[in-house]
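# Coordinate inspection notes
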Amino acid sequence: MPFDFGSAKTFFGAARNVSAAHPFAFAAVGAGLLVVAGPGIVAAPLLGASGFGSLGPIAGSAAACVQSGIGNVVAGSAFATLQSAGMGGAGAAVVNGVVSTVGGVVAAVGAVSTTSSKKGKDGHGHGHGAEDDGERDDGVEKA
């Protein structure tokens with residue numbers, strides 16, 4: 001079955017229209033889906049920046065500061081899970097799962113915001129002077 005370039009053109013044309021009308025929502029959907037697909041692109045840099053290194057907490061980091069405050073780290077605690085993830089252990093699956101979930105929520109909120117924004121008098125969906133004009137968002141009169 002040959003590729004239908006007409007369908008692709010329609011899809012990308014619709015995507016261009018949505019991105020022009022809702023740039024922040026479109027960016028949220030794209031970023032959220034990217035994070036769902038590859039949570040490590042977010043988790044690894046954040047763990048490293050927080051001080052959860054591959055050999056343990058990095059001296060002088062936020063992780064080292066927290067560990068000095070809590071003393072003996074309990075197995076299975078949030079700190080232990082983050083350190084395990086920083087070291088590439090089993091905690092990475094937990095952290096990546098949480099990051100993927102957050103990415104999915106961001107994408108969903110972005111998608112919903114494109115369908116539920118009420119256009120104001122300025123016609124850009126910013127709600128400036130928005131009133132109930134008796135029409136739905138799709139231009140059909142309300143019953």
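Residues numbered from 1 in each chain as written. Predicted model: local features only at pLDDT ≥ 70, side-chain atom pairs only at ≥ 80, totals over all residues. Heavy atoms only, no water.

This is how it is decided: UniProt positions are given in the numbering used here, feature names are shortened, and annotations may be inferred rather than shown by experiment.
Among the UniProt annotations of the protein, the heading Sequence similarities (unreviewed entry) holds the following wording: "Belongs to the IFI6/IFI27 family."

## Let's talk about the overall build of the protein
Let me state the cut-off plainly: To qualify as a helix, a DSSP run of H or I must reach at least 4 residues; to qualify as a strand, a run of E must reach at least 2; elements of each kind are numbered from the N terminus. Burial classes: relative accessible area under 20% of the type maximum marks a residue as buried, over 50% as exposed, and values in between as partly exposed (1.4 Å probe, protein chains only). Only heavy atoms enter the contact rule, under which two residues are in contact if any of them lie within 4.5 Å. Surface exposure here means Shrake-Rupley accessible area, sampled with a 1.4 Å probe, where a residue is shielded only by the protein chains that are shown.
Looking only at helices and strands, the protein has six helices and two strands in total. Overall, the protein shows an N-to-C arrangement of helices and strands of α-α-α-β-β-α-α-α. Relative to its full complement of 143 residues, the protein shows a buried share of 20%. Counting contacts in the protein only where the partners sit at least 6 residues apart, residues at least 24 apart contribute 44% of the total. A total of about 9500 Å² of accessible surface is found on the protein, and carbon and sulfur atoms cover 67% of it.

## A closer look at the UniProt feature "transmembrane region" (unreviewed entry) in the protein
Here the UniProt-annotated "transmembrane region" (unreviewed entry) positions come out as residues 20-47. Strand forms 0% of residues 20-47 and helix 89%; the C-alpha atoms that close the span are 35 Å apart.

## Remarks on the environment of S100
Mapping S100 onto the fold places it in helix α6 (residues 91-116). When residues no more than four places from it in sequence are discounted, the contact partners of S100 are V35, V36 and P39.

## Some points on a nonpolar patch on the surface
Note the following rule: Like-charged residues within 9 Å of one another, or nonpolar side chains (Val, Leu, Ile, Met, Phe, Trp, Tyr) within 5 Å, are grouped into patches, provided each residue has over 30% relative accessible area and no salt bridge. Take a side-chain nitrogen of Lys or Arg and a carboxyl oxygen of Asp or Glu: if they are within 4 Å of each other, that pair is a salt bridge.
A cluster of nonpolar side chains, namely V94, V98, V102 and V106, defines an oily patch on the protein surface of about 310 Å² accessible area. The topology assignment puts V94 in helix α6.

## Looking at helix α5 (residues 78-86)
Where we set the bar: Read the arc as the range of directions from the helix axis to the C-beta atoms.
Considered for burial, the residues of α5 that qualify are F79, Q83, A85 and G86. For α5, the arc enclosing every buried residue in end-on projection is 160°, short of the 170-degree limit, so these residues lie on one face.

## Structural notes on the environment of A28
Mapping A28 onto the fold places it in helix α2 (residues 23-37). Spatially, the C-alpha atom of A28 lies 8.0 Å from that of A111, the residues being 83 residues apart in sequence. Ignoring anything within four residues of it in the chain, the contact list for A28 reads V106, A107 and G110.

## Description of the nonpolar core
The condition that has to hold: Here the nonpolar core consists of buried residues drawn from Ala, Val, Leu, Ile, Met, Phe, Trp, Tyr and Cys, with membership extended through side-chain atoms lying within 4.5 Å.
With ten residues, the main nonpolar core is built from V35, A43, L47, F52, A63, F79, A85, A92, V95 and V99. Counting only elements with at least two residues in this core, the list comes to α3 (40-50), α5 and α6. In terms of residue count, the dominant contributor to this core is α6 (three residues). The contacts of F79, once residues within four sequence positions are left out, are F52, P57, A63, V66, Q67, I70 and V73.

## Focus on the environment of V99
Secondary-structure assignment places V99 in helix α6. Taking the C-alpha atoms as reference points, V99 and V35, separated by 64 residues in sequence, lie 7.3 Å from one another. Contacts of V99, omitting those with residues within four sequence positions, involve V35, P39, V42 and A43.

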